[in-house]
Amino acid sequence: MSDTFFLDGEAIPFSPGQTLIQAASAAGKYIPHLCWHPDFSAHGSCRLCIVRCGGREVAACTTPAAAGLEVENASAELDAARRTLLQLLFVEGNHFCPACEKSGDCLLQATAYQLGMLDPHFEHFYPVRPVDASHPEVLLDFNRCILCELCVRASRDVDGKNVFAIAGRGAQAHLVVNAGSGRLADTGFALSDRAASVCPVGVILKKGAGFATPIGARTYDRHPLGARADGAKTAPGRSEVRR
Ligand code: SF4
Ligand code: FES
């Protein structure tokens, strides 16, 4: 029999070695996240998955589950902190959803809807980040990168190609393409790579395929974050914000 911890008072079973978010996700419970993906090792950079346990806030994607642990996820205070993190991400890049073909299929946007982020709050940085359209099949729009490193992990750990990396420090950190020219066309990147389909936002885009899905049929139109298959809400009161 597996051990359990408590998520908002509800017993969640876990196997040895599982993190809080792995066990919660397996049990159908939603903890906000951007840089965590079930197929990859935890990265711990976005901090959207903060939960409260043991009197402090920890990242659910890097914290191991432990028997009897009391974990708070659904709280107005945590959601307020998460909204601030989202607002920082929105102003740091150029996230203009009405003109973005990832709208409706974007985890950043869907999380902002889920958490009721109604404005950017902070002043926009308006960074200047030229797109890379050199590859015949894939466009890179660096303006929307949230530095989750999922493409870095996918290219390195699954594709064995190391096409992407993060360069720079602090506010200067940015995604780069590992080629002398810095151009995607000068790497071994292919549309069939795992890294081509892992980006949670609108950076890595297939050419000639934009705006193909009608409004109402896009990923998060059909399956809003936090909604269960039976239509009930996993977090009552938090899923009311809809497009
Ligand atoms: S390009 Fe996409 S997957 Fe890669 S680091 Fe940026 S947001 Fe993450
Ligand atoms: S999902 Fe845990 S820090 Fe990003």
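Structure: see above.
The notes below deal with the structure included here. Since the structure is predicted, the reported quantities are computational estimates derived from the model, not experimental observations.

**Focus on the pattern of salt bridges**
- Applying the stated criterion across every chain, the model contains ten salt bridges.
- Ionic pairing is found between K29 and E10, a salt bridge with its closest N-O pair at 3.1 Å. Here K29 is found in the loop between α1 (20-26) and β3 (50-53), whereas its partner E10 is found in strand β2 (residues 10-14), with 19 residues between them in sequence.
- Exposure remark for E10: the relative accessible area of 42% places this residue in the partly exposed category.
- Among the salt bridges present, the one from D186 reaches R183, with a minimum N-O distance of 3.1 Å.

**Observations concerning the site of ligand 1**
- With respect to spatial proximity, the complete set of residues near ligand 1 consists of C145, I146, L147, C148, E149, L150, C151, L175, C199, P200, V201 and V203.
- Tallied by class, residues from the shell around ligand 1 come to eleven nonpolar, no polar and one charged.

**Description of the packing of helix α2 (residues 76-92) against helix α3 (residues 107-114)**
- Look at α2 against α3: their axes get within 10 Å of each other, and the N-to-C directions meet at 140°. As judged from the angle between their axes, α2 and α3 are oblique. Between α2 and α3 lies a crossing whose hand is left-handed. Across the interface between the two elements, L86, L89 and F90 from α2 touch L108, Q109, T111 and A112 from α3.
- A class-by-class count of the residues in the contact of α2 with α3 yields five nonpolar, two polar and no charged.

**Some words on the pairing of β3**
- For β3 and strand β4 (residues 56-59), the ladder comprises four bridges, and the chain directions are antiparallel. What sits directly across from I50, in β4, is A59.
- Counting the residues in the hairpin turn of β3 and β4 gives two residues, including G54, whose phi is positive at 60°.
- Two strands pair when backbone bridges link them, and β3 and strand β5 (residues 70-72) are joined in this way by two bridges, in the antiparallel orientation. Bridge pairing links R52 to E72 in β5.

So, how was this worked out
Residues numbered from 1 in each chain as written. Chains lettered and ligands numbered in written order. Predicted model: local features only at pLDDT ≥ 70, side-chain atom pairs only at ≥ 80, totals over all residues. Heavy atoms only, no water. Salt bridge = Lys/Arg side-chain N within 4 Å of Asp/Glu carboxyl O. Helix = DSSP H or I, 4+ residues; strand = E, 2+ residues; numbered from the N terminus. Buried < 20%, exposed > 50% of the residue type's maximum accessible area, 1.4 Å probe, protein only. Near = heavy atom within 4 Å. Nonpolar A, V, L, I, M, F, W, Y, C, P; charged D, E, K, R; others polar. Axes fitted to C-alpha atoms, helices over the stretch in contact; angles between N-to-C directions. Parallel < 35°, antiparallel > 145°, perpendicular 65-115°, else oblique. Left-handed = near helix turned anticlockwise from the far one by under 90°. Contact = heavy atoms within 4.5 Å. Pairing = 2+ DSSP bridges.

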